[in-house]
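Results of the structural survey
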Amino acid sequence: MIVLDKDGTLGDCSAALANWCQRMSSCICEECERSCFLNKDKVLESFHKTIGWNITENDLMPSALLSAGTWTDIVNATIGCLEEFSIADASQKVKYWHDNMGDIHANDRPLILDLPGFVEYFRQLGIIVAICTSDDRKATDACIRNWNLEHLIDLSICGDEVIESKPSSHPLLTLCKQVGVSPHECIVVGDTSADMGMGRNSNAGLIVGVLSGSGTANQLFENGAHLVVPDVSYLVCITSMFSAGAASGRQHTSSTTSDSPEKFQKSRTVSL
């Protein structure tokens, strides 16, 4: 089974998360002004640090909570931040602000060309394809529909459906139980340290980090990655080499598949 993270691995969530951060920051600012709270800048600084937003670069910090955590984790952390500054009814207010943002992932775009063809490649190899994401079910199903993957994803598990979120082994073990495979038979793919940690804590057979999201190569390796590649399109080459090696019973041989990473890559090309 191949277990794919969603945000930062299959789809580009950077604009969506920036939008969430901007809107939540605006809500916090307005609340501080209504409450005549004089330390608005300190509240915002603490909030940005808590969720992992680099205000100077206007971007996510590597493997930040905002990119790797569940929405429950992110909302609770935001509530905790506001409570530290004694902002009244922080829990009720943050949950209200978050719930009224709508589907922030509605316009997320795939990170590679022909994402359905990429998934179909693994299905043709007889590999079960799963999505394991920290996002919630509603947003995940919307992305699966928008990316035309409804008929291709065998199973999925989301952040609002697990007892323990990544980097816990729980999400992967739950998927494995559903289809009757062991973690050692799984390829875990993701862009954050939490994704790598889930693979390592589950003793997954192969853990692959991708640099298309918020994690750095050092972070991914330090948290369990066996390989780090630019994006998921390189998995075609990796699985082709494994398939060829297994079929020949010898060391690495050239691939016989008609697909190649270039078929799914966008404009950039980076060597392994």
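Everything quoted here is computed from the prediction, not taken from an experiment. (Residues numbered from 1 in each chain as written. Predicted model: local features only at pLDDT ≥ 70, side-chain atom pairs only at ≥ 80, totals over all residues. Heavy atoms only, no water.)

1. Here we look at the sheet that holds strand β6 (residues 129-132)
Picture the strands of a sheet paired through backbone hydrogen bonds; they go either parallel or antiparallel. Note the following rule: Here, strands pair whenever DSSP counts at least two bridges between them. Runs of H or I in DSSP of at least four residues are treated as helices and runs of E of at least two as strands, each being numbered from the N terminus. Throughout, an axis means a line fitted to C-alpha atoms (over the contacting stretch in the case of helices), and angles, computed between N-to-C directions, take values from 0 to 180 degrees. The contact rule is simple, with two residues in contact once any of their heavy atoms fall within 4.5 Å.
Reading across the sheet, the 6 strands line up as β7-β6-β1-β8-β9-β10 and stay open at both edges, with parallel pairing between neighbours. Looking at which strands have only one partner, the edges of the open sheet turn out to be β7 (155-157) and β10 (227-229). Across the sheet, the mean angle from the axis of one strand to that of its neighbour is 20°, orientation sign disregarded. Across 3 bridges, strand β1 (residues 2-4) lies against strand β8 (residues 187-190) in parallel orientation. Bridge pairing links isoleucine 2 to isoleucine 187 in β8. Across the sheet, helix α8 (residues 170-179) lies against β1, β6, β7 and β8, angled at about 150° from β7, the strand it touches most.

2. Digging into the pairing of strand β9 (residues 206-210)
So the rule is basically this: The classification of residues rests on relative accessible area computed with a 1.4 Å probe and restricted to protein chains. Under 20% of the type maximum is buried, over 50% is exposed, and intermediate values are partly exposed. Looking down the strands as they point away from the viewer, one classifies a crossover as right-handed if the path from the first strand across the helix to the second runs clockwise.
By the criterion of burial, β9 is predominantly enclosed, with 5 of the 5 residues buried. Of the two faces of β9, the one holding Leu206, Val208 and Val210 and the one holding Ile207 and Gly209 are both buried throughout. Note: β8 against β9, 4 bridges, orientation parallel. Counted as the bridge partner of valine 188 is isoleucine 207 from β9. With helix α9 (residues 193-202) bridging β8 and the parallel β9, this β-α-β connection has right-handed handedness. Sheet topology places β9 next to β10; 3 bridges connect them, and they run parallel. When the bridges of β10 are listed, valine 208 appears paired with leucine 227. Once the chain exits β9 it traverses helix α10 (residues 217-222) before rejoining the sheet at β10, and the crossover so formed is right-handed.

3. Description of the nonpolar core
To keep it simple, the criterion reads: Here, the term nonpolar core denotes a set of buried Ala, Val, Leu, Ile, Met, Phe, Trp, Tyr and Cys residues that are joined through side-chain atoms within 4.5 Å.
Judged by nonpolar contacts, the single largest core of 30 residues is most densely connected at Trp20, Met24, Ile28, Phe47, Ile51, Leu66 and Leu82. Contributing elements (two or more residues each) for this core: α1 (14-34), α2 (40-51), α4 (71-84) and α5 (90-99). Of the residues forming this core, the biggest block, 9 residues, is contributed by α1. The residues contacting leucine 82, other than those within four sequence positions of it, are Ile28, Val43, Ile87, Ala90, Val94 and Trp97. Counting 29 residues, the second-largest nonpolar core is a separate cluster that includes Tyr121, Ile131, Cys143 and Val210.

4. Remarks on the packing of aromatic side chains
Heads up, the rule is: Classification of ring pairs uses Phe, Tyr and Trp, with its six-membered ring standing for Trp, and accepts pairs whose centres are within 6.5 Å; under 30 degrees between planes counts as stacked, over 60 as edge-to-face, and the remaining range as tilted.
Per the counting criterion, the structure on display carries 4 aromatic pairs. On the basis of an interplanar angle of 45° and a centroid distance of 5.3 Å, the ring pair of tryptophan 20 and tryptophan 71 is categorised as tilted. Separated by 51 residues along the polypeptide, tryptophan 20 in helix α1 and tryptophan 71 in helix α4 bring together distant segments of the chain. Neither tryptophan 20 nor tryptophan 71 differs from the other in exposure class; each is buried. Taken together, a centroid distance of 5.1 Å and an interplanar angle of 80° make the contact between tyrosine 121 and phenylalanine 122 edge-to-face. We classify tyrosine 121 as buried; its relative accessible area is 4%. Through a chain of ring-to-ring contacts, three or more aromatic side chains come together here, namely Trp20, Phe47 and Trp71.

5. Brief notes about the pattern of salt bridges
Our working definition: Put simply, a salt bridge is a Lys or Arg side-chain nitrogen that is within 4 Å of an Asp or Glu carboxyl oxygen.
One pass over the full model with this rule turns up 11 salt bridges. The salt bridge involving aspartate 135 is made with lysine 6; its shortest N-O contact spans 3.0 Å. With aspartate 135 in the loop between β6 and α7 (137-146) and lysine 6 in the loop between β1 and β2 (11-12), this pair connects stretches of sequence that are 129 residues apart. Assigned by exposure class, aspartate 135 and lysine 6 land together as buried. The salt bridge involving glutamate 31 is made with lysine 93; its shortest N-O contact spans 2.6 Å. Separated by 62 residues along the polypeptide, glutamate 31 in helix α1 and lysine 93 in helix α5 bring together distant segments of the chain. Looking at glutamate 31, the relative accessible area reads 7%, which means it is buried.

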